[in-house]
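Observations on the model geometry
Chain by chain, the residues run as shown.
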Amino acid sequence: MDPSLLPSLAWFAHVAHHRSFTKAAAEMGVSRANLSQNVKALEHRLNVKLLYRTTRDMSLTEEGQRLYDVWYPALVAVERTVRTMHDARDEPSGLVRVNTSRVAAKTLLEPHLEEFCARYPKLQLEMVADDALANIVADGCDAGIRVGESLAEHMVAVPITPALEMAVVGTPAYFERHGQPATPADLAQHNCLRFRMPGGAILPWEFTAPGEDGHAFTVEPQGSVITNDDDGMIRAALQNVGLIQHIDIAVQRHLDSGALVRVLQPWCKPFAGFYIYAPTRAQMPAKVRALIDFLVEKREAMVALLQPPSKKKRVR
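So, how was this worked out
- Residues numbered from 1 in each chain as written.
- Predicted model: local features only at pLDDT ≥ 70, side-chain atom pairs only at ≥ 80, totals over all residues.
- Heavy atoms only, no water.
- Pairing = 2+ DSSP bridges.
- Helix = DSSP H or I, 4+ residues; strand = E, 2+ residues; numbered from the N terminus.
- Axes fitted to C-alpha atoms, helices over the stretch in contact; angles between N-to-C directions.
- Phe/Tyr/Trp six-rings, centres within 6.5 Å; stacked < 30°, edge-to-face > 60°.
- Buried < 20%, exposed > 50% of the residue type's maximum accessible area, 1.4 Å probe, protein only.
- Lys NZ or Arg CZ within 6 Å of the ring centre and 35° of its normal.
- Core = buried A, V, L, I, M, F, W, Y, C linked by side-chain atoms within 4.5 Å.
- Contact = heavy atoms within 4.5 Å.
- Parallel < 35°, antiparallel > 145°, perpendicular 65-115°, else oblique.
- Nonpolar A, V, L, I, M, F, W, Y, C, P; charged D, E, K, R; others polar.
- Salt bridge = Lys/Arg side-chain N within 4 Å of Asp/Glu carboxyl O.
- Polar contact = N/O pair within 3.5 Å; in protein donor to acceptor, adjacent residues only side chain to side chain.
- Left-handed = near helix turned anticlockwise from the far one by under 90°.

Structural notes on the sheet that holds strand β14 (residues 274–278)
- Reading across the sheet, the five strands line up as β4-β3-β5-β14-β6 and stay open at both edges, with mixed pairing between neighbours. Each having just a single partner strand, β4 (123–129) and β6 (156–159) make up the two edges of the open sheet. Pairwise comparison of adjacent strand axes, ignoring direction, gives a mean angle of 25 degrees for this sheet.
- Alignment of strand β5 (residues 143–147) against β14, held across four bridges, turns out to be antiparallel.

The structure is reproduced here in structure tokens:
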């Protein structure tokens, strides 16, 4: 369709709706003569008669009625959408799609769904859980959540967790039977439950030597269980099967309850935590801004949660 026809089509739709050049001209803030000339020019370009005109009356031809029946509802729908988009800049509404790793979805989004939905009743949240790195623009997502070291370039990123650590954990019963490793080299004597990544590789365990040296290295875990489900890996550890390495926030509640015990902590260096990121800050939709602000708010509570027990405030 020739885009240059659109203005004249819009003017014709208003004339046909009011069945009056005078009323349509008043509504659109133009002169009656200007409006009449535009409609005549449209008829000339389409090579079809759209309106019958007399000094007193105006009516649609058969072709004009057919055009009006199709075009006017479409024009109303476009106007409604534009108006909704304008309103959405001020009040969060509509669908916000977030691409997130599964562990981020479980620890950062799912625990707060009730509060988020109550606070923003006009918003719909779609979580696209994907452990592989994603292109949120190509995938049609409004935002993404990933650890800092995995962020895509040219994105606006906001931290929504404090710095995190990879934690090696097992149950007290497991350690009673097998002892605790003192260094990562001791893991060769332990059953290490392994995680298979989306690409098919087994995730290595990451460590940093304590002290001034501080060199980073990895250990290829060996054990009797392999899974691509991080929750399944935690459940296996809770059954005294073996040790796992996971992000500390994913196992924190089990550490707090004593169901799991952490080892090798001096060998686990903090790294940039999770960030929420979006393509641009300019003209950011209110729905995306609302999600970012909500998760930043929850970050403060998480800072307190991850403090060592000796530093946590006592509840009186």
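Brief notes about the packing of aromatic side chains
- The tally for this structure, following the rule as stated, stands at six aromatic pairs.
- Measuring from centroid to centroid gives 6.2 Å for Phe217 and Trp267, while their planes differ by 85 degrees, and the two rings are edge-to-face. Of this pair, Phe217 sits in strand β10 (residues 216–219) while Trp267 sits in the loop between β13 (261–263) and β14, and the two are 50 residues apart along the sequence.
- Judged by its relative accessible area of 23%, Phe217 falls in the partly exposed class.
- Connected via pairs of aromatic rings, a cluster forms that spans Phe116, Tyr120 and Phe294.
- In this structure, Arg19 is placed above the aromatic ring of Tyr68, and the distance from its NZ or CZ to the ring centre is 5.6 Å.

Structural notes on the nonpolar core
- Within the largest apolar cluster, 30 residues are counted, with the highest numbers of intra-cluster contacts made by Leu108, Ile145, Ile247, Phe274, Ile276, Leu291 and Leu295.
- At the level of secondary structure, the elements contributing two or more residues to this core comprise β3 (94–100), α5 (102–109), β5, α9 (248–257), β14 and α10 (286–305).
- Element by element, the count of residues in this core is highest for α10, at seven residues.
- Discounting chain neighbours no more than four positions away, the residues touching Leu295 are Leu108, Leu109, Ile145, Ile160 and Ile276.
- Ranked by size, the runner-up nonpolar core spans 22 residues in total, among them Phe12, Leu50, Trp71 and Leu75.

Let's talk about the packing of helix α2 (residues 21–28) against helix α3 (residues 32–46)
- The contact between α2 and α3 brings their axes to 9 Å, and the two run at 105 degrees. In terms of axis orientation, α2 runs roughly perpendicular to α3. From α2, Phe21, Thr22, Ala24, Ala25 and Met28 reach across to α3, where they touch Arg32, Leu35, Ser36 and Val39.
- A class-by-class count of the residues in the contact of α2 with α3 yields six nonpolar, two polar and one charged.

Quick word on the pattern of salt bridges
- Within this structure, the stated rule accounts for 15 salt bridges.
- Its salt-bridge partner being Arg235, residue Asp229 comes within 3.4 Å of it at the nearest N-O pair.
- On the accessibility criterion, Asp229 (23% relative accessible area) is partly exposed.
- For Arg235, a relative accessible area of 46% translates into the label partly exposed.

Brief notes about the side chain of Thr227
- Structurally, Thr227 can be placed in strand β11 (residues 226–227).
- A distance of 3.0 Å separates a polar side-chain atom of Thr227 from the backbone nitrogen of Asp229.
- Setting aside residues no more than four positions away along its own chain, Thr227 makes contact with Arg194, Phe195, Arg196 and Met233.

A closer look at the environment of Glu126
- Structurally, Glu126 is set in strand β4.
- For Glu126 and Ala278, which are 152 residues apart along the polypeptide, the C-alpha to C-alpha distance reads 15 Å.
- With near-sequence residues (within four places) excluded, Glu126 lies in contact with Leu95, Val96, Arg97 and Val98.

Details of the sheet that holds strand β12 (residues 244–247)
- Read across the sheet, three strands follow the order β12-β7-β13 without closing on themselves; strand pairing throughout is antiparallel. Pairing within the sheet leaves two strands with one partner each, and these edge strands are β12 and β13. When the angles between neighbouring strand axes are averaged without regard to direction, this sheet yields 50 degrees.
- The pairing of strand β7 (residues 166–170) with β12 spans four bridges and is antiparallel. Bridge pairing in β12 places Met166 opposite Ile247.

Some details on the environment of Ser257
- Inspection of the secondary structure puts Ser257 in helix α9.
- A distance of 3.1 Å separates a polar side-chain atom of Ser257 from the backbone oxygen of His254.

Describing helix α8 (residues 230–238)
- Taken as a whole, α8 has its buried residues at Asp230, Gly232, Met233, Ile234, Ala236 and Ala237.
- The distance from a side-chain oxygen at the start of α8 to the backbone nitrogen of Asp231 is 3.2 Å, and the residue carrying that oxygen is Asp229.
- After α8 finishes, the residue Asn240 shows a positive phi value of roughly 70 degrees.

Points about the packing of helix α1 (residues 6–18) against α2
- Following both chains from N to C, one finds α1 and α2 inclined at 125 degrees, their axes separated by 8 Å at the closest point. When the axes of α1 and α2 are compared, the pair comes out oblique. Read as a crossing pair, α1 and α2 show a hand that is right-handed. Contacts between α1 and α2 pair Trp11, His14, Val15 and His18 from the former with Phe21, Lys23, Ala24, Glu27 and Met28 from the latter.
- Classifying every residue of the contact of α1 with α2 gives five nonpolar, two polar and two charged.

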